[in-house]
Number of protein chains: 2
Amino acid sequence: MIFYAPDCTIEHDTYTLSEVESKHCIKVLRNKTGSNIEMINGHGGQFMCEIIDDHHKRCEVKIINKKQHELHYSETHIAMAIPKSSDRLEWFMEKATEIGINRLSLINCEHSERRSFNQARLIKITISALKQSKRFHLPIIEEAIKFDDFIKKHPKGYIGHCNIDHKIKGKEMEQMRPFLIGPEGDFSNTEIQKAMDSGYISVELSKNRLRTETAALSAVYYLSDILV
Amino acid sequence: MIFYAPDCTIEHDTYTLSEVESKHCIKVLRNKTGSNIEMINGHGGQFMCEIIDDHHKRCEVKIINKKQHELHYSETHIAMAIPKSSDRLEWFMEKATEIGINRLSLINCEHSERRSFNQARLIKITISALKQSKRFHLPIIEEAIKFDDFIKKHPKGYIGHCNIDHKIKGKEMEQMRPFLIGPEGDFSNTEIQKAMDSGYISVELSKNRLRTETAALSAVYYLSDILV
């Protein structure tokens, strides 16, 4: 079992787990003083530890071994409209974290039916998927942003929408660029035009009609170097 | 909105929707005699229809236009251990249907924690994803089968498991062959050996540790010609 220690750095020799992690470690998993556990800090640090105080609210560990992992793939940045159901957003983020997303922006589009999301809850799910998948870098979840403001901030990238003929191959894509995914009702024509004018490239993700979160997950595969 | 008419064939000129579909069409969506609807039969048939009797239990339609779609990609066959939670299996099948799975086998492995699944419910979810994604061929969901029996039936294919170095590229894969995905505890060494002896090729799906259903979805992307 891996524990999350966001403010533990490579300089630390000891560390005290948060109340939530202490409870999970000591009460749920019944670790005792002397047990070995693993911690990650979400920005590349991995720590092998021994419990020196099995307190169920502030479990203290001695760090025996530490390692700083570099990010071994380039940025996978998805900017998607908020799906109607929060379940579908949470499901997406769990899977995208397992596969390799690095950054998620949630954009408000003309046809968006839902404009807000529970950021704290989504981060919690992301941390849990990070531990599960044995990755070391926590993906960043940004605050919701308007479509126009996003385009201004990121003037180049990829945009997935329906009814286009162009099909780009994953390996032809430049990384470090965001992939825009629209709401159930797709982007408006104005939005597509704005993106194209700014320097976005249209991509057809599938011949089938994909739900927002399925399209976004396909974009994670496209941007990651996993399949290409 | 698309309706499912499994026993409607290209020879039909009229058709009566099932009780469930009639209710959805007439009571929920409030279609009336004279309204146009679309139907699919799940084996390539697409039918444009006009309602001639808006009965809420046996809605009758006249078929105005019909088309037989050929399967435009080769077989994408996933054989996976049954995930512990049925939610995760159902989620997988929804997404896999959107992306392009054609056949799902559920295999019972040495380390399987769950050995049965609700086939009827899974088919229902698959039909719903088929309509949503505008595909015309309903993926086949087979009964659960033992690992050994599956290998006998399909002596060649791909097997995804942890701790291997070999990485095959999607485009190097031969289609029409199943992709085996193990349970949370991975395949046993005996199972891996049996598969290799029979003619399976090991594939590392990701550097990260993937859940069963995430690995299976990655395999759908690998086998489909979508990304390669």
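Up top is the structure these notes are about.
Just so it is clear, the structure is predicted and the values come from calculations on it, not from any experiment.

Caption draft 1: Looking closely at the overall build of chain A. Helix and strand counts for chain A come out as six helices and twelve strands. In terms of overall dimensions, chain A has a C-alpha envelope of 60 × 35 × 30 Å along the principal axes. Looking at chain A as a whole, 55% of its 228 residues qualify as buried. When contacts within chain A are restricted to residue pairs at least 6 apart in sequence, those whose partners lie at least 24 apart make up 71%.

Caption draft 2: Representation of the nonpolar core. The biggest cluster of nonpolar side chains holds 58 residues, and the ones touching the most others in it are Ile78(A), Phe92(A), Ile78(B) and Phe92(B). Aside from chain neighbours lying at most four places away, what touches Ile78(B) is Phe92(B), Ile101(B), Arg103(B), Leu104(B), Ser105(B), Phe179(B), Ile181(B), Ala216(B), Ala219(B), Val220(B) and Leu223(B).

Caption draft 3: Geometry of the environment of Phe179(A). With respect to the helices, strands and loops of the structure, Phe179(A) is situated in strand S11 (residues 179-181). C-alpha of Phe179(A) to C-alpha of Phe147(A): the two residues are 32 residues apart in sequence and 13 Å apart in space.

Caption draft 4: Up close: the packing of aromatic side chains. The final tally for this structure, using the stated rule, is eight aromatic pairs over all chains. Seen in terms of ring centroids, Phe147(A) and Phe187(A) are 5.6 Å apart; in terms of plane orientation they differ by 55°. Their pairing is tilted. Of this pair, Phe147(A) sits in helix H4 (residues 147-153) while Phe187(A) sits in the loop between S11 and helix H5 (189-198), placing them 40 residues apart in sequence. Over the face of the ring belonging to Trp91(B) we find Lys95(A), whose NZ or CZ atom lies 5.1 Å from the ring centre.

Caption draft 5: The arrangement of helix H3 (residues 119-133) of chain A in detail. Residues and elements named next belong to chain A. In this model H3 runs 21 Å from its N-terminal to its C-terminal C-alpha over 15 residues, within 8% of the 21 Å that 1.5 Å per residue would give. Contact partners of the buried residues in H3: strand S1 (2-4), helix H1 (19-28), strand S3 (36-40), helix H2 (86-99), strand S7 (103-108) and strand S8 (140-141). Its side-chain oxygen 3.4 Å from the backbone nitrogen of Ala-120, Asn-118 forms the N-cap of H3. Just past H3, the residue Lys-134 takes up positive phi, approximately 60°.

Caption draft 6: Representation of H5(A) in the model. Residue and element names in this part refer to chain A. Glu-191, Ile-192 and Ala-195 are the residues of H5 that are buried. Axial view of H5: buried residues confined to an arc of 100°, hence all on one face. For H5, the exposed residues set more than 90 degrees away from the buried face come down to Asn-189 and Asp-197. Of the surrounding secondary structure, the elements contacted by the buried residues of H5 are H4, strand S10 (157-160) and strand S12 (200-203).

Caption draft 7: Inspection of the side chain of Asn41(B) at higher detail. All names here are of chain B. Assignment of secondary structure puts Asn-41 in the loop between strand S3 (36-40) and strand S4 (45-53). On the basis of relative accessibility, which here comes to 3%, the residue Asn-41 falls in the buried class. A polar side-chain atom of Asn-41 sits 2.9 Å from the main-chain amide nitrogen of Gly-45. The contact partners of Asn-41, leaving out residues within four places of it in the chain, are Tyr-4, Ala-5, Pro-6, Cys-8, Thr-9 and Phe-47.

Caption draft 8: Region of interest: the packing of H2(A) against helix H6 (residues 212-223) of chain A. Residues and elements named next belong to chain A. Running from N to C, H2 and H6 cross one another at 10°; their axes reach a closest spacing of 10 Å. With respect to each other, H2 and H6 are oriented roughly parallel. Contacts between H2 and H6 involve Arg-88, Trp-91, Phe-92, Lys-95, Ala-96 and Ile-99 from the first element and Glu-213, Thr-214, Ala-216, Leu-217, Val-220 and Tyr-221 from the second. Looking at side-chain class alone, the contact of H2 with H6 contains eight nonpolar, one polar and three charged residues.

Basis of the calculations
Residues numbered from 1 in each chain as written. Chains lettered and ligands numbered in written order. Predicted model: local features only at pLDDT ≥ 70, side-chain atom pairs only at ≥ 80, totals over all residues. Heavy atoms only, no water. Helix = DSSP H or I, 4+ residues; strand = E, 2+ residues; numbered from the N terminus. Buried < 20%, exposed > 50% of the residue type's maximum accessible area, 1.4 Å probe, protein only. Contact = heavy atoms within 4.5 Å. Core = buried A, V, L, I, M, F, W, Y, C linked by side-chain atoms within 4.5 Å. Phe/Tyr/Trp six-rings, centres within 6.5 Å; stacked < 30°, edge-to-face > 60°. Lys NZ or Arg CZ within 6 Å of the ring centre and 35° of its normal. Expected span 1.5 Å × (residues − 1). Polar contact = N/O pair within 3.5 Å; in protein donor to acceptor, adjacent residues only side chain to side chain. Arc of directions from axis to C-beta. Axes fitted to C-alpha atoms, helices over the stretch in contact; angles between N-to-C directions. Parallel < 35°, antiparallel > 145°, perpendicular 65-115°, else oblique. Nonpolar A, V, L, I, M, F, W, Y, C, P; charged D, E, K, R; others polar.

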